[in-house]
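# Examining the three-dimensional arrangement
Below, each chain spelled out in residue letters.
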Amino acid sequence: MVGVLIRMRWRLTVRSLSSGKAAVAFWIGLVFGLLAAGFTALFTALAGHEWDLPSAINVAAALYAVWTLGWLCGPILAGSSDETLQPEHFRLLPLSYRQLATGLLAAAFAGPAAVVNLIAFGGLVLLAAQVGVAATVVAVLGAVLQLVFVVVLSRVLLAWIGAAMRSRRGRDLGVLLAALAGLAYYPMQLLITTVAPKLEHAAQPVALALRIPPSGWAPYAVEAAGRGQWWLSALCLLGLALLSALLWQAWAVLLRRRLITTAAPAGPVRVQTGRGILTRLAPATPVGAVVTKELRTWWRDSRRRAALLPLLLLGIVLPVMLSLQGTGVPVPFTGTFVVWMAAMASANMYAFDGTALWHTLVVPGASRADVRGRMIAWVVLVGPLALLLTLILPGALGQAEFYPWAVSTLPVFVGVGVSAAIFLSVYAAYPLPPQRGNPFAGGGGNPGCARALVQLAVGFGQLLVNLPVLAILGFGVYLHSPVVQWCALPVGLASGVGTTVLAARVTERRLDSHGPELLAEVKPR
């Protein structure tokens, strides 16, 4: 059974790469992953060559912690986890949940992510080879066990959050937990980067803190082997193996609950005839109906909230964390960063609807109202938060000189963001798993690098359209004239509105001419 699932995983991965866009994203992600893994392994080996053994183990434990955090927070931050093989497809097979968990776990190791991480963890083997043969054997076992641990830990975290979101009360709690789990990466990264320069002569509390978490057990086992403390080395490896086994058991239980528990409905449907706020404010037109429908769906759909809310919170917290790190990122531009992250989370709108798209395709002329309604709803959802941050933060932080820059560039970011989101939703759509599955699953045809490519495309478009605005702002700074700087605001408004109108027209024509193809693309596999 394990071999069948592995071959199935390989076959689905190969078929998903038949699309040019998916293949490019896959290979770019693989190249960057291999470069990061190679750098990690090389840095670990160099630390073992240049420093003494305890200092080198500090480096290895810190790097292991970073990669472990990546497995925990990466799928949440990207809004996408790999579920090439969905458990629901094997519901009717005569398999126990432990057998299914074993097969799916083995298939998870058959992907490129496991190979990349094994290379990164293999740096410990290069370090241990400089100590002795016995330490090398311990390092090989530790690297393999660390890979098993991070893969199972990632599966358990996502399964737990997904299980929480299957109940009505748990949906909001699950999104909040996902956001907190994703945001935890940056404080931990700040802590690790602060400690990193001091690893060679780390104080005892720092060295102890690096070795206590499970991510430090494999490096500490190598250190213990180098000192001849074989019982302590074996204890660390045994603890890592037992912890992985417990996590596998927890995943099997969560997998069973996922397959036997139906998602709770959103709640009783209450008919409101003109009494709701949206009903009163939205015009009684096709566009108004789509706006109302989209706003309610963004609020109620757990998958949409799981995609959008963590990135919105990340857009607020990340500039603050980067500013604390002294990277020179001005916090007054947090509003524009929020728009940037929200555009990435929304670049696959029609996949959330799935086959319900046919309701729009069979109504003549409905594509115009659908596209414009979605764009207006997105602006209503994201714009007020971004505007509030832009108007408050510069004054609150005593950086009023950034007001012309933040306020003038915000309309361009919003216009290009919503334009890129709706444009990519039609031109680069990919299917999502069914609603009853993991809300963080991205489908087998969506490699993790796809989100990064979307982010780069949106960022490049925003920078390109912002060039006239930035030129006026720079000219105003050169003349020391606030009046000239504020002249960039109408230019920014015109650029944002013009980009939005142009994208709406292009997307409408694309939806009219290639609607059936889009429906086939977003149909859940």
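Everything that follows concerns the structure shown earlier in this document.
Residues numbered from 1 in each chain as written. Predicted model: local features only at pLDDT ≥ 70, side-chain atom pairs only at ≥ 80, totals over all residues. Heavy atoms only, no water.

## Details of the overall build of the chain
Going by this rule: Think of it this way: any DSSP run of H or I at least four residues long counts as a helix, any run of E at least two long counts as a strand, and we number them from the N terminus. Think of it in three bands: with a 1.4 Å probe and only protein chains considered, a residue is buried below 20% of the maximum accessible area for its type, exposed above 50%, and partly exposed in between. All accessible-area figures derive from a Shrake-Rupley calculation using a 1.4 Å probe, and residue coverage is judged against the displayed protein chains alone.
Assigned secondary structure in the chain consists of 25 helices and zero strands. When each of the 525 residues of the chain is scored for burial, the buried share is 49%. When the accessible surface of the chain is totalled, it reaches about 24,400 Å², and 72% of it is carbon and sulfur.

## Let's talk about the side chain of Thr292
Let me state the cut-off plainly: Here a polar contact is recorded for every N or O atom pair within 3.5 Å, except that within protein the pair must consist of a potential hydrogen donor and a potential acceptor, and residues adjacent in sequence are included only if both atoms are side-chain atoms. Any two residues whose heavy atoms approach within 4.5 Å at even a single point are treated as in contact.
With respect to the helices and strands, Thr292 occurs in helix α14 (residues 286-300). Classification of Thr292 as buried rests on a relative accessible area of 11%. From its side chain, Thr292 meets the backbone oxygen of Gly288 in a polar contact 2.9 Å long. With sequence-adjacent residues up to four places away left out, Thr292 is seen in contact with Leu278 and Ala282.

## Digging into α14
Going by this rule: Expected span of a helix: the number of residues minus one, times 1.5 Å.
Spanning 15 residues, α14 covers 21 Å between terminal C-alpha atoms, matching the ideal 21 Å at 1.5 Å per step. Of all the residues in α14, the buried ones are Gly288, Val290, Val291, Thr292, Glu294, Leu295 and Trp298.

## Observations concerning the packing of aromatic side chains
What counts, and what does not: Two rings belonging to Phe, Tyr or Trp (six-membered ring only in the last case) form a pair when the distance between their centres is within 6.5 Å. Interplanar angles under 30 degrees mark stacking, angles over 60 mark edge-to-face geometry, and anything in between is tilted.
Following the criterion strictly, the structure yields six aromatic pairs and no others. With centroids separated by 5.9 Å and ring planes inclined at 80°, the aromatic side chains of Phe333 and Phe402 adopt a geometry described as edge-to-face. Here Phe333, found in the loop between α15 (302-324) and α16 (334-345), pairs with Phe402, found in the loop between α19 (366-396) and α20 (403-427); they are 69 residues apart in sequence, far enough to count as distant. The partly exposed category is assigned to Phe402, whose relative accessible area is 24%. Summarising the aromatic geometry, the rings of Phe423 and Tyr427 are spaced 4.2 Å apart at their centres and angled 20° between planes, so their arrangement reads as stacked.

## Some thoughts on the packing of α19 against α20
Test applied: Geometry is summarised by axes, namely lines fitted to C-alpha atoms with helices restricted to the contacting stretch, and by angles between N-to-C directions that run from 0 to 180 degrees. Our angle categories are set so that under 35 degrees counts as roughly parallel, over 145 as roughly antiparallel, 65 to 115 as roughly perpendicular, and the remainder as oblique. By definition, any crossing whose near helix is turned counterclockwise from its far helix by less than a right angle is left-handed, and any crossing with a clockwise turn is right-handed.
Direction vectors running N to C along α19 and α20 enclose 160°, while the axes themselves pass 10 Å from each other. By the angle between their directions, the pair α19 and α20 is classed as roughly antiparallel. In the crossing of α19 with α20, the sense of the turn from one axis to the other is right-handed. Across the interface between the two elements, Val371, Arg374, Met375, Trp378, Val379, Ala386, Leu387, Thr390, Leu391, Ile392, Pro394 and Gly395 of α19 pack against Tyr403, Ala406, Val407, Leu410, Val414, Gly417, Val418, Ser419 and Ile422 of α20.

## Quick word on the side chain of Ser408
Following the sequence through the fold, Ser408 ends up in helix α20. When its relative accessible area of 0% is taken as the criterion, Ser408 is described as buried. Here Pro404 takes part through its backbone oxygen, which lies 2.7 Å from a polar atom of the side chain of Ser408. For Ser408, the side chain forms a polar contact with the main-chain nitrogen of Leu489, separated by 3.4 Å. Aside from chain neighbours lying at most four places away, what touches Ser408 is Tyr403, Val469, Leu473, Gln485, Ala488, Leu489 and Gly492.

## A word on a nonpolar patch on the surface
The criterion, for reference: Patch membership needs two things, relative accessible area over 30% and no salt bridge, and members are linked within 9 Å if like-charged or within 5 Å if nonpolar (Val, Leu, Ile, Met, Phe, Trp, Tyr). Whenever Lys or Arg places a side-chain nitrogen within 4 Å of a carboxyl oxygen from Asp or Glu, that contact is recorded as a salt bridge.
The grouping of Met1, Val4, Met8, Leu12 and Leu93 at the surface amounts to a nonpolar patch, some 380 Å² of accessible area in total. Overall, the relative accessible area of 40% leaves Val4 in the partly exposed class.

## Things to note about the pattern of salt bridges
This structure, assessed with the given rule, holds nine salt bridges. When salt bridges with common partners are traced through the structure, they connect Lys293, Glu294, Arg304, Asp353, Asp370 and Arg374 into a single cluster.

## Observations regarding the nonpolar core
Filter applied, for reference: Side-chain atoms within 4.5 Å are what join buried Ala, Val, Leu, Ile, Met, Phe, Trp, Tyr and Cys residues into a set we call a nonpolar core.
Ranked by internal contacts, the top residues of the largest apolar core, which has 53 residues, are Leu104, Phe121, Leu124, Val150, Val151, Val222 and Trp251. Put simply, the parts of the chain that give this core at least two residues each are α2 (20-50), α3 (53-78), α4 (97-108), α5 (112-121), α6 (123-129), α7 (133-164), α11 (217-226) and α12 (230-260). Top contributing element to this core by residue count: α7, with twelve residues. Apart from the residues within four sequence positions on either side, Leu124 is in contact with Thr44, Ala60, Tyr64, Ala139, Ala218, Pro219 and Val222.

## A closer look at helix α10 (residues 204-211)
Convention followed: Each direction from the helix axis to a C-beta atom contributes to the arc, which is the arc of those directions.
Within α10 the residues assigned to the buried category are Ala207, Leu210 and Arg211. With its buried residues spanning 95° around the axis, α10 presents them on a single face.

## A look at unusual backbone geometry
The backbone phi angle of His480 is positive, close to 55°, even though this residue is not glycine. Assessed through its relative accessible area of 71%, His480 is described here as exposed.

## Some details on the environment of Ala101
The residue Ala101 is located in helix α4 in this model. Assessed through its relative accessible area of 0%, Ala101 is described here as buried. Counting along the chain gives 150 residues from Ala101 to Trp251, while the straight-line C-alpha distance between them is 7.2 Å.

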